[in-house]
Amino acid sequence: MPAAFNYFPALATLLKTAESYRHIVICLPDLVQPERCLSEESEPAERELATLLRKELSCLQFSGPNVLHNVLPNAYLWLMPPASSAHLYEYFSEPVQWQTEAVAQAPEKPQKPWFIPPASSKPKHVVVVGAGIAGAATARALAEHGVRVSVLEAEKPAQAASGNRQGLLYAKISPHNTEQTELLLCGYGHTRRLLEHLLPQQGSWGGNGVLHLNHNTAETQRNALLGQQTHHIHLYRNIDSEEASSLAGVALTQGGLFWPQGIWLNPPAFVNALLTHPNITLHTHAPLQKARHTGKHWQLTTQQTTIEADCMVYCTGASSGQIRPLNHLPLRFIRGQTALAPATSLSENLLVALSGASYIAPAWQGIHCYGATFIQHDNSSEWRKKEEQANQEMLHELHSELARSLLSDRHSLQGHAAVRCDSSDHLPIVGPLGDYEAMQKIYAKLALDRNYPISTPCPYLPNVYVNAAHGTRGLASAPICAESLATEILGLPNPLSRRIREALHPNRFIIRSIVRSGSS
C-alpha cells in the first residue's frame, strides 16, 4: 500500500515514511519544481537526501509520473504532476494511504476488455529475446525486481539499431499533449537518471546539451510553441543564434530549442551496462529456434541449449516481422546509416550536439558521428557509399563550416548501418500479446459496430509480451517501456498512465483491423 502526500513534506518526514512504505507518492500542487522545499537540513541523512533530490529533479517533467528509484532507502519516490494526481488508481492497484488531506480522485472509466491485462503470474524466470536497448532494459528492469532473466541474442549485444557509435538523448516532441509527447518526456527523464546510476563516470556519454535547430519553417514554429511552455523551461527553452553560438562553441546562423540536460550516448556501452546484473544470464550467438508452451512453462530452444521459463518477452526490433506471434503487427522497417569523421581543430570546439534534418555529436575519442539516412521499406544493413555521400550533403546543410572542416581531408572511417523497426502509428508496441485468431472471432461484431458492447475477457497468449518498434526514439522510449512492462508482468505499480499503456498495447492493431474489415 503506497503512502501519499498532497504537498512536498519535510525531508525528515520522507525518511521516516520510507521505513514503513515501499512506495511514497507526492502529489505536486502546481507546475513548479519542488526544489524550494529542499532547504539545508542539520541531520546528515537529510542533507544527503537533499543532495540526491536536487540532482534527480533536473529532469522533472509534468506530463506524467516521475519515479525516483535511488533517493530513498528501500523505497520508490513518485512525484506526480497535478493531472496525474487525480488518477492514482491508474498506477496503483492497492488503495493509497494518505498522510495528508486526500487529493480528490477523478471517476474511473471502464477499460475495454482487450486492454485489461492478464492476471499477474509473478514469474521467477523470464526469457528476453533480443539484446538491443529494449531487450537489455527489459532484462534489467526485471532483474532489479529480483527476477532471474535469461537473454537470448542471435549475435552480440547492441549489434543492430542499437549499435550506433553516438546517439542523442533528448525528446523531439509536439507542443500538444499527444501520447508520444507524454511517453517521450517520461522516458527522457527516466533514461537520464538511469545513466547517472549505471555509467556515473560518463566515459561513454556526455556533452553539454542538445540543440535542435530552427532548420525549416515547421520546426521553427514547433520550437517557438514549445518555448512558450514555461513549466518545462528547465528541460528545454528557445534560444537565439547568438546564445546558440555561445553554447555550441561554433558560429550558428539560427537558434533553436535547447535541451540543457540532453546528451550524446554510445548505445553499446549503455546496453552492456544494463546487462551487467547478477540476475541476468546472457546467451550470445543463440538465435531462438523454437518456442513451445507445455501448459505450465515455456521451452525455448537454441542451437546450444533448451531453456525453460515462466514467461517470455520479445524485444526483437527489425527481426520481429519474421516471428510468428508478431508478424500480424503492422511494422515498418526503416534503414539508417551514420557516418564518422576524425575531429579537426575547428570541430573540437563543438560543445553540444546539433540536430536538424540530420545531427552531429561532439567528438568522442577524437571522432565525430553524424547522419543519419532514413530509407523506408529497406531491410538491408550493408554499408553504402551513396548514403555516405548523402550524410555528407546533410552535414553541409546542418553546418557548412563544420562540414568543410571535417570532410576536407577525409580519412577512411566507416559508419554504422542498421534497420530500425517502427509501427504504422509511430508508437512503440509494448505489452502482453493477444491470441490473434481467437480475438478475431471473439470481437468479430466490432466489424459491424465499433461500439458494440462486448465484455468477454481478452484471450491472451500464455505469458508472452513484447517491447519493440521504438524507431529512432529508442534511447528515450525503450527503458521507460521496459520498466512499465516489468511492473505489469509482476503486478507492481506502473510508471505509465493508462492512456499511454493503451496507446502502446499490441491489441490496438488487432481491434483496428477488425473494425476496418467491416468498414471496407
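In what follows, the structure referred to is the one given above.
First things first, this report covers the structure right here in the doc. Since the model is a prediction, treat every value here as computed from it, not as a measurement.

This part takes up the overall build of the protein. A tally of regular secondary structure across the protein gives 14 helices and 26 strands. Relative to the 2.2 N^0.38 estimate, which gives 24 Å for 520 residues, the radius of gyration of the protein is 23 Å and therefore close to what a compact globule would have. Counting only C-alpha atoms and orienting by the principal axes, one finds that the protein spans roughly 65 × 60 × 50 Å. Put simply, the protein has 520 residues, and 55% of those count as buried. Long-range contacts, defined here as pairs at least 24 residues apart, represent 71% of the contacts in the protein between residues at least 6 apart. For the protein, the accessible surface area stands at approximately 22200 Å², while carbon and sulfur atoms represent 49% of it. Counting 41 positive and 42 negative side-chain charges, the protein places the centres of these two groups 7 Å from one another.

Spatial ordering of the open sheet is given by β15-β16-β17, a layout of three strands whose pairing is antiparallel. Both outer strands of the open sheet, β15 (290-293) and β17 (306-309), are each paired with one neighbouring strand and no more. Taken over all neighbouring pairs, the strand axes of this sheet differ in orientation by 20 degrees on average, direction set aside. Sheet topology note: the strand β16 (residues 298-301)/β17 ladder contains four bridges and is antiparallel. Residue pairing for β17: W298 is matched across the bridge by A309.

This part is about the nonpolar core. V128, L142 and W259 are the most contacted members of the largest nonpolar core, which has 72 residues in total. The leading source of residues in this core is helix α12 (residues 474-490), at 10 residues. Two domains each put at least three residues into this core: domain 2 (125-160 + 269-330 + 425-518) and domain 3 (178-265 + 332-422). Ignoring any residue separated from it by four or fewer positions in sequence, one finds V128 in contact with G135, T138, A139, L142, V149, S150, V151, L152, V313 and C315. Listed in part, the 23 residues of the second largest apolar core include L152, L300, I323 and L326.

Thresholds, definitions, all that
Residues numbered from 1 in each chain as written. Predicted model: local features only at pLDDT ≥ 70, side-chain atom pairs only at ≥ 80, totals over all residues. Heavy atoms only, no water. Helix = DSSP H or I, 4+ residues; strand = E, 2+ residues; numbered from the N terminus. Rg over C-alpha atoms; globule rule 2.2 N^0.38 Å. Buried < 20%, exposed > 50% of the residue type's maximum accessible area, 1.4 Å probe, protein only. Contact = heavy atoms within 4.5 Å. Areas by Shrake-Rupley, 256 points an atom, 1.4 Å probe, with all protein chains shown as cover. Lys, Arg positive; Asp, Glu negative; His and termini not counted. Charge placed at Lys NZ, Arg CZ, Asp CG, Glu CD. Pairing = 2+ DSSP bridges. Axes fitted to C-alpha atoms, helices over the stretch in contact; angles between N-to-C directions. Core = buried A, V, L, I, M, F, W, Y, C linked by side-chain atoms within 4.5 Å. Domains from an automatic or database assignment.

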